[in-house]
Amino acid sequence: MDSLNATGTLRARRKLLGSMASGAALLGLGAAGSAAAAPASAPALTSSEHAPEELFALARLRAYKSRRSSSWDRTGGNGDAIPVEPGQAATLLNLTGAGVVTHIWFTINSSDHMHLKNLVLRAWWDGESSPSVEVPIGDFFGLGLGEYYTYQSALLAVAPVKALNAYFQMPFASAARITVTNEGTVRTDNLYFAIDYVTLDSLPGDLGRFHAQYRQAAPCKGWTDNWRNNGDPPVGDRKNLDGAENYVFLEAAGKGHFVGVTHAVEQNQEGWFGEGDDMIFIDGDPLPTINGTGTEDYYNGAWDFNGQPFGFLHNGAPYIVDAERIGGRYCLYRWHIESPLAFEKSIRVTMEHGHANHRSDNFYSTAYWYQAEPHGAFPALPAPSDRAPRIFAAGGPAGPAPIPKT
């Protein structure tokens with residue numbers, strides 16, 4: 001191409017590009033072809049209007065009042081705890097008006113080695129007759145086997161030494177009451193507590209109320225005790241599509257959203273306990289609305305965790321002892337705060353105990369969710385002696401004799 005033709009071609013290209021740019025401006029498109037400038041009649045956006053809300057979140061001035069209910073010594077001394085006698089309930093918070101509980105902290109001094117199972121945390125919102133929270137205190141904080149260990153997550157944490165923390169938001173429109181009841185036989189000498197909350201003139205109308213519910217199956221009832229390995233026939237060939245015999249974390253009716261679970265396991269049988277899939281049924285679906293691929297997968301781990309404890313903001317297995325052995329112990333959690341599982345009419349959150357429910361290990365769990373009131377009746381709490389973990393004869397590989405059929 002000679003220089004004259006090259007110059008002419010260059011001019012033509014520049015003219016074409018100029019026409020395209022003018023057309024794009026008329027269509028409201030930027031150079032990359034995406035939506036850009038507002039119509040000429042609209043006011044220009046300021047830099048602050050383009051900034052994300054997160055930039056201002058901590059700086060925004062608050063209109064609420066910050067308050068705390070705690071066990072501080074009302075005499076001004078250093079006796080900053082209360083005792084709880086067997087069979088007695090201590091009221092930790094009793095308010096009227098609107099507000100939000102934002103943080104709960106406990107530490108406990110007790111000679112009862114099962115006090116984490118024998119002390120029960122309950123909460124009522126807005127004058128309801130049945131509690132929206134009813135959980136042994138250890139299980140509420142993820143210590144589902146009656147033992148302390150430290151971990152950190154987005155909503156629960158246990159700090160050194162034996163410091164229990166919960167960061168769920170718990171709104172109430174007209175009243176809030178929180179108690180701890182000693183259902184054991186040994187006096188709790190020192191219950192230290194702090195409940196942080198804010199008061200408000202009123203609540204928005206679209207808030208669910210916080211709920212937490214305890215369940216257990218000790219042991220889960222496997223459909224066979226005649227097996228050697230999790231995947232061998234007939235176990236590996238069995239089908240389970242409807243989750244009929246699954247362990248149930250939660251069954252709730254109404255409108256709300258499920259935010260997560262803490263789950264403790266004590267093995268009665270050898271091998272990996274977690275061949276079971278999570279199956280979640282929403283709004284009456286006869287088959288699982290959400291179907292998982294394995295217990296460790298639901299807790300966002302993999303390959304039986306390889307026996308390695310871990311704890312992250314959304315998921316964890318922070319306590320693993322004697323993995324895959326009789327007497328093996330696990331504590332697990334999963335938070336769905338990135339997208340809580342919403343339901344309009346009902347939800348049923350379940351998990352297989354072994355593939356197609358062939359295993360007979362002990363499960364202890366607490367489900368956490370928000371919903372519009374009223375809530376359905378909770379299952380009755382097992383007796384305190386039944387909450388204490390212990391190994392059961394359950395057959396299976398290298399296990400003791402099967403449980404007699406009844």
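Note that the structure is predicted; figures quoted are calculated from it, not measured.

Here is what the cut-offs are and how they apply
Residues numbered from 1 in each chain as written. Predicted model: local features only at pLDDT ≥ 70, side-chain atom pairs only at ≥ 80, totals over all residues. Heavy atoms only, no water. Helix = DSSP H or I, 4+ residues; strand = E, 2+ residues; numbered from the N terminus. Pairing = 2+ DSSP bridges. pLDDT = per-residue confidence, 0-100. Contact = heavy atoms within 4.5 Å. Core = buried A, V, L, I, M, F, W, Y, C linked by side-chain atoms within 4.5 Å. Buried < 20%, exposed > 50% of the residue type's maximum accessible area, 1.4 Å probe, protein only. Phe/Tyr/Trp six-rings, centres within 6.5 Å; stacked < 30°, edge-to-face > 60°. Lys NZ or Arg CZ within 6 Å of the ring centre and 35° of its normal. Polar contact = N/O pair within 3.5 Å; in protein donor to acceptor, adjacent residues only side chain to side chain.

A.B. asks: Help me understand unusual backbone geometry, please; the structure alone is not making it clear to me.
C.D. replies: A negative phi angle is the norm for most residues apart from glycine, just as the trans form is the norm for most peptide bonds. The residue after proline 160, namely valine 161, is reached through a cis peptide bond having omega -10°. One can find valine 161 in the loop between strand E8 (156–159) and strand E9 (163–166). Positive phi is not limited to glycine here, since aspartate 322 has a value of about 55°. One can find aspartate 322 in the loop between strand E19 (315–321) and strand E20 (329–335).

A.B. asks: Whenever I open this one, the sheet that holds strand E22 (residues 346–351) confuses me. Can you help?
C.D. replies: Note on sheets: strands pair through backbone hydrogen bonds, and any given pair is parallel or antiparallel. In spatial order, the strands read E14-E22-E16-E17; together these four strands make up an open sheet with antiparallel pairing. One side of each edge strand has no neighbouring strand; the edge strands of this open sheet are strand E14 (247–253) and strand E17 (290–291).

A.B. asks: Help me out: how do you make sense of the confidence of the model for the protein chain in this one?
C.D. replies: Caution applies to low-pLDDT parts of the model: their predicted coordinates are not meant to be read in detail. Of all residues in the protein chain, 87% attain a pLDDT of 70 or more, and the chain-wide mean is 90. Contacts from residues 1–36, a stretch scored under 50 in pLDDT, to residues over four places away or in other chains number 11 contacts.

A.B. asks: Looking at this structure, I do not really get the nonpolar core. What am I missing?
C.D. replies: The tendency in soluble globular proteins is for nonpolar side chains to be buried as a group. Residues Val101, Phe106, Phe140, Phe168 and Phe210 are the most contacted members of the largest nonpolar core, which totals 52 residues. Per-element accounting of this core gives the leading share, five residues, to strand E5 (residues 119–125). Filtering out sequence-adjacent residues up to four positions away, phenylalanine 106 remains in contact with Leu92, Leu121, Ile137, Phe141, Lys162, Ala163, Leu164, Val180, Leu191, Tyr192 and Phe193. Counting residues in each nonpolar core, the second largest holds 30 residues, with Phe305, Leu341, Phe363 and Phe378 among its members.

A.B. asks: Would you mind going over the pairing of strand E6 (residues 133–136) with me for this structure?
C.D. replies: Looking along a regular strand, one sees the side chains alternate between the two faces of the sheet. In E6, alternate side chains face the same way, and those of Val133 and Val135 on one face and Glu134 and Pro136 on the other are all buried. Here E5 runs beside E6; their pairing, made up of four bridges, is antiparallel. Counterpart to alanine 123 in the pairing with E6 is valine 133. Sheet analysis places E6 next to strand E13 (residues 209–217), joined by two bridges and oriented parallel.

A.B. asks: Is there a simple way to explain the packing of aromatic side chains in this structure?
C.D. replies: Given two aromatic rings, their pairing is described by the distance between the two centres and the angle made by the two planes. This structure, assessed with the given rule, holds 26 aromatic pairs. Connected via pairs of aromatic rings, a cluster forms that spans Phe106, Phe140, Phe141, Tyr149, Tyr151, Phe168, Phe210, Tyr319, Tyr333, Trp335, Tyr368 and Tyr370. Taking NZ or CZ as reference, arginine 238 lies 3.9 Å from the ring centre of tryptophan 223, over its face. When the ring centre of phenylalanine 281 is taken as reference, the NZ or CZ atom of arginine 348 above it lies at 5.9 Å.

A.B. asks: Mind showing me how you'd approach the side chain of glutamate 134 here?
C.D. replies: Checked against the element boundaries, glutamate 134 lands in strand E6. At 2.9 Å, the side chain of glutamate 134 forms a polar contact with the side chain of arginine 122. Leaving out residues up to four positions away in the same chain, glutamate 134 has contacts with Val120, Leu121, Arg122, Ala212, Gln213, Tyr214, Phe378, Pro379 and Leu381.

A.B. asks: Explain the side chain of glutamine 267 here, please?
C.D. replies: If you trace the backbone, glutamine 267 turns up in the loop between strand E15 (256–266) and strand E16 (278–282). A polar atom in the side chain of glutamine 267 sits 2.9 Å from the backbone oxygen of glycine 271. Within the local environment of glutamine 267, its side chain forms a polar contact with the backbone nitrogen of glutamate 324, the two atoms lying 3.1 Å apart. Contacts of glutamine 267, omitting those with residues within four sequence positions, involve Phe273, Ala323, Glu324, Arg325, Ile326, Gly327, Gly328, Tyr330, Arg359, Asp361 and Ile391.

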